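Below are the chains, spelled out letter by letter.
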Amino acid sequence: ELRSKSLQLSPTPRSLAILVKLKQMTDLAGGLAPTQRALGDALGIAAPTVCQHFDTLEERGCIVRAQAGHTGNVMLTERGLSFISARSRSESRPTL
């Protein structure tokens, strides 16, 4: 039951920042995901920290990791994209 509850949780602010930066960097590279080191450098965090967040994001269904030879590839899922879209909508709301 604990696992099913973790699947329903939204990403933490840092995990969400990783999702957003992953999408930005992947889009800029024509669909090729950045390395964990490059992603960490862009966010000012260590690659092992990115890996820990990837583990959680994968458990929650926000990303899928696939091994391709000696390198891995990370892809955003529809769930991950929906969190990015929700964040974008909340940031674009006017303040009163």
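Note that this is a predicted model, so its numbers are computed, not measured.

Rules of the game
Residues numbered from 1 in each chain as written. Predicted model: local features only at pLDDT ≥ 70, side-chain atom pairs only at ≥ 80, totals over all residues. Heavy atoms only, no water. Helix = DSSP H or I, 4+ residues; strand = E, 2+ residues; numbered from the N terminus. Expected span 1.5 Å × (residues − 1). Salt bridge = Lys/Arg side-chain N within 4 Å of Asp/Glu carboxyl O. Buried < 20%, exposed > 50% of the residue type's maximum accessible area, 1.4 Å probe, protein only.

> Tell me about helix H2 (residues 13-28), and name the residues and values.
With 16 residues, H2 extends 23 Å between its outermost C-alpha atoms, agreeing within 8% with the 22 Å of an ideal straight helix rising 1.5 Å per residue. Positive phi appears at Gly30, one or two residues downstream of H2, with a value of about 65°.

> Describe the pattern of salt bridges, and please don't skip the residues or the numbers.
Inspection of the entire model under this criterion finds three salt bridges. With its nearest N and O atoms 2.8 Å apart, the salt bridge here joins Lys23 to Asp27. A residue pair is termed a helical-turn pair when its members lie 3 or 4 positions apart in one helix, as Lys23 and Asp27 do in helix H2 at four residues. The exposure class assigned to Lys23 is partly exposed, which follows from its relative accessible area of 28%. When its relative accessible area of 49% is taken as the criterion, Asp27 is described as partly exposed. Between Arg65 and Glu58 there is a salt bridge whose closest N-O contact spans 3.1 Å. For Arg65, a relative accessible area of 26% puts it in the partly exposed group. By relative accessible area, Glu58 is classed as partly exposed at 33%. Sharing partners across several salt bridges, the network here consists of Asp55, Glu58 and Arg65.

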